[in-house]
Amino acid sequence: MFTPGTGRTIRDGLDTLTDPGQTMVRTIDVAGDAPLKVTLNWLDPAGDPAAATAIVNDLDLVLVAPDGTRYLGNRFEKGWSVTGGTADRLEVLENVYVQSPMAGVWSVEVTAHALPGDGALLAGDETDQDFTLVMTGLR
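All figures in this text were calculated on a predicted structure; none of them were measured in a lab. (Residues numbered from 1 in each chain as written. Predicted model: local features only at pLDDT ≥ 70, side-chain atom pairs only at ≥ 80, totals over all residues. Heavy atoms only, no water.)

A.B. asks: Outline the overall build of the protein, supporting the account with residue identities and numerical values.
C.D. replies: Counting its regular elements, the protein contains 0 helices and 11 strands. Ordered by position from N to C terminus, the α and β elements of the protein give β-β-β-β-β-β-β-β-β-β-β. The C-alpha atoms of the protein give 15 Å as radius of gyration, which agrees with the globular expectation for 139 residues (14 Å, within 12%). Its C-alpha atoms give the protein principal-axis dimensions of roughly 45 × 30 × 25 Å. Put simply, the protein has 139 residues, and 40% of those count as buried. If you sum the accessible surface of the protein, you get close to 7,300 Å²; carbon and sulfur atoms cover 53% of it. Across the protein, the centroid of the 9 positively charged side chains sits 11 Å from that of the 20 negatively charged ones. (Helix = DSSP H or I, 4+ residues; strand = E, 2+ residues; numbered from the N terminus. Rg over C-alpha atoms; globule rule 2.2 N^0.38 Å. Buried < 20%, exposed > 50% of the residue type's maximum accessible area, 1.4 Å probe, protein only. Areas by Shrake-Rupley, 256 points an atom, 1.4 Å probe, with all protein chains shown as cover. Lys, Arg positive; Asp, Glu negative; His and termini not counted. Charge placed at Lys NZ, Arg CZ, Asp CG, Glu CD.)

What follows is the structure, encoded as structure tokens:
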């Protein structure tokens, strides 16, 4: 949900990760007067129905505050992101919601943890993944 009166950015399929361990970093200018919400989503390639986990390609979302505090995707307490924990290995939708973010320049990091499938058809090679980022609470 968009917070009325705050800046937002949507990057839909504009970035593609092509190698495991590769990280895309974007900086965002956060106003600090509204919650900061960042959502990462990708269309995962079809997996093996008999596999232990349904996810094929695995991306990780991390937000880094101006003071270096790191928030991993899908680590919540009472609906808001908390620090610590481990990366989510089961979902193709990751969120970071910071209720009272500090104003300033934040980093949004998307890292390819695993890319065994072709997640960006007709682009790159057979082991890549494009994704969508939606960010609100910006200047």
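Here the narrative resumes.
A.B. asks: Give a detailed account of the side chain of Asn74, specifying residues and quantitative values.
C.D. replies: Tracing the backbone through its elements, the reader meets Asn74 in the loop between strand E5 (70-72) and strand E6 (76-77). The contacts of Asn74, once residues within four sequence positions are left out, are Asp88, Glu91, Leu93, Glu94 and Asn95. (Contact = heavy atoms within 4.5 Å.)

A.B. asks: Can you explain the pairing of strand E3 (residues 36-41)? Please cite residues and give values.
C.D. replies: With 6 bridges connecting them, E3 and strand E8 (residues 93-98) associate as antiparallel partners. Within the sheet, the bridge partner assigned to Asn41 lies in E8 and is Leu93. The pairing of E3 with strand E11 (residues 128-138) spans 5 bridges and is classified as antiparallel. Bridged to Lys37 within E11 is Thr136. (Pairing = 2+ DSSP bridges.)

A.B. asks: Kindly report on the pairing of strand E4 (residues 58-64), identifying the contributing residues and their values.
C.D. replies: Across the 7 residues that make up E4, a large majority, 7, are buried. Side chains of E4 alternate between two faces, with Asp58, Asp60, Val62 and Val64 and Leu59, Leu61 and Leu63 buried alike. Relative to strand E9 (residues 104-114), E4 is paired through 7 bridges, and the arrangement is antiparallel. Bridging from a neighbouring strand, Asp58 pairs with Ala114 of E9. Sheet topology note: the E4/E5 ladder contains 3 bridges and is antiparallel. The residue of E5 that forms the bridge with Val62 is Leu72. If you look at the hairpin formed by E4 and E5, you'll find 5 residues sitting between the two strands, and Gly68 has a positive phi there, around 95°.

A.B. asks: Describe the environment of Arg70, naming the residues involved and giving the relevant values.
C.D. replies: Relative to the elements of secondary structure, Arg70 occurs in strand E5. Exposure remark for Arg70: the relative accessible area of 42% places this residue in the partly exposed category. Sequence-wise, Arg70 and Gly21 are 49 residues apart; in three dimensions their C-alpha atoms are separated by 18 Å. Setting aside its immediate chain neighbours within four residues, Arg70 contacts Val62, Leu63, Val64, Thr83, Gly84 and Glu109.

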